[in-house]
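Overview (structure and organization)
Chain residues, written in single-letter form:
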Amino acid sequence: MTAKLEVRGVSYSYHSLEGETLALSDISFSVESGQFLAIVGPSGCGKSTLLSLLCGLLCPDQGKILLDGAPLSRDMSSVGYMLQKDHLFEWRTILSNVSLGLEIRKRMDSDSLKTLQEMLSAYGLKGFENSRPSELSGGMRQRAALIRTLALKPDLLLLDEPFSALDYQTRLSVCDDISAILRKERKTAVLVTHDLSEAISVADRILILTPRPGRVKAVLPIEFPDSSSRPLDRRNCPEFSSYFNQVWKELKTDE
């Protein structure tokens, strides 16, 4: 069976007048359809660079990136990217913000509008369709950003620390909500985060990178009881602390 995402021997360097800096070296991994992969590693190890490669913003110096068995193409409509900030436009209502991607791709019609309204209702934003972003809490804004991304029906969702700008309590709640949404939608997702607890609470597998140049140090499968599928439930499971210690040990051995 072909993996949804496959990365084969990818390396990437940044170039400047001072010379070449190797950011990633010989990265290989795969993500199956419907799987949630978290990527962790020390600061500067190339996590965000890797996401930029996965969405086609950068091209690898070596290696291949395959989506459904085919090389990445110029048309990246099958890949959604959720950033650290929600980037909602204050001069647009919430409804017009979440429809922006569809408008740009000229796919906004009555069926799309109905779907967006259903998503706003399902994700706790019913009644805020005509509100401005400044009238919403940080968590509500992130849900709106997620709807904007999911409206394009991406096959692969890339998450670059999407909860880092929120306060801790809101971060836990929104992470729990968004993880549940993605699993319900059976989306294939890749999350970059500095928060080890967050990675363990949402992921099916954790990819651990070494310090720069980033290499794959380990891939850790994460398994919790079916009754503890949500992140907040996982944090209360006895397995949670064991996984945390395993990831921490892998990271500490590189110091």
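Now for a look at the structure at hand. Bear in mind the structure is a predicted one, so any value in this text is a computation, not a measurement.

Throughout the structure, instances matching the rule amount to three aromatic pairs. When the ring of Tyr-12 is compared with that of Tyr-14, the centres are 5.1 Å apart and the planes differ by 85 degrees; the resulting orientation is edge-to-face.

Moving on to the environment of Pro-42. Among the structural elements, Pro-42 can be located in the loop between strand S3 (36-40) and helix H1 (47-54). For Pro-42, a relative accessible area of 29% corresponds to the partly exposed category. When the C-alpha atoms of Pro-42 and Gly-214 are compared, they prove to be 9.2 Å apart, with 172 residues separating the residues in sequence. The residues touching Pro-42, leaving out its near neighbours within four places in the chain, are Lys-47, Leu-209, Thr-210, Pro-211 and Leu-251.

What we call a disulfide is simply a covalent bond connecting the sulfur atoms of a pair of cysteines. In this structure the tally under the stated criterion is zero disulfides. With no disulfide partner, Cys-55 has as its closest neighbouring cysteine sulfur the one in Cys-59, 10 Å distant. Overall, Cys-55 belongs to the buried group, its relative accessible area being 10%. Its sulfur unpaired, Cys-237 is 15 Å from the next cysteine sulfur, which belongs to Cys-175. Relative accessible area serves as the criterion here: at 11%, Cys-237 is assigned to the buried category.

Pairing in this open sheet of six strands is mixed, and the strands run S6-S7-S8-S3-S9-S10 from one edge to the other. Every other strand in the sheet has two partners, leaving strand S6 (79-82) and strand S10 (216-221) as the edge strands with one partner each. Strand-to-strand twist of the sheet, defined as the mean angle between neighbouring strand axes without regard to direction, takes the value 15 degrees. As paired elements, S3 and strand S8 (residues 188-192) share four bridges and run parallel to each other. Within S8, the position partnered with Ile-39 by the bridge is Val-192. Helix-sheet contacts for helix H9 (residues 238-252) involve S3, strand S9 (205-209) and S10, and the interaxial angle to S10 is about 175 degrees.

A side chain of one charge can pair with a side chain of the opposite charge if their charged atoms are brought near each other. Overall, the coordinates contain 11 salt bridges when judged by the stated rule. Glu-103 serves as the salt-bridge partner of Arg-92, at 2.9 Å between the closest nitrogen and oxygen. Of this pair, Arg-92 sits in the loop between S6 and helix H2 (94-98) while Glu-103 sits in helix H3 (residues 100-104), and the two are 11 residues apart along the sequence. Notably, a salt bridge pairs Glu-198 with Arg-171, separated by 3.0 Å at the nearest N-O pair. Of this pair, Glu-198 sits in helix H7 (residues 196-202) while Arg-171 sits in helix H6 (residues 168-184), and the two are 27 residues apart along the sequence.

Here the focus is the environment of Gly-56. With respect to the helices, strands and loops of the structure, Gly-56 is situated in the loop between H1 and strand S4 (62-67). What makes Gly-56 partly exposed here is its relative accessible area of 39%. Sequence-wise, Gly-56 and Glu-250 are 194 residues apart; in three dimensions their C-alpha atoms are separated by 29 Å. For Gly-56, the residues in contact, after removing those within four places along its chain, are Leu-72 and Met-76.

Calculation criteria
Residues numbered from 1 in each chain as written. Predicted model: local features only at pLDDT ≥ 70, side-chain atom pairs only at ≥ 80, totals over all residues. Heavy atoms only, no water. Phe/Tyr/Trp six-rings, centres within 6.5 Å; stacked < 30°, edge-to-face > 60°. Helix = DSSP H or I, 4+ residues; strand = E, 2+ residues; numbered from the N terminus. Buried < 20%, exposed > 50% of the residue type's maximum accessible area, 1.4 Å probe, protein only. Contact = heavy atoms within 4.5 Å. Disulfide = S-S within 2.5 Å. Pairing = 2+ DSSP bridges. Axes fitted to C-alpha atoms, helices over the stretch in contact; angles between N-to-C directions. Salt bridge = Lys/Arg side-chain N within 4 Å of Asp/Glu carboxyl O.

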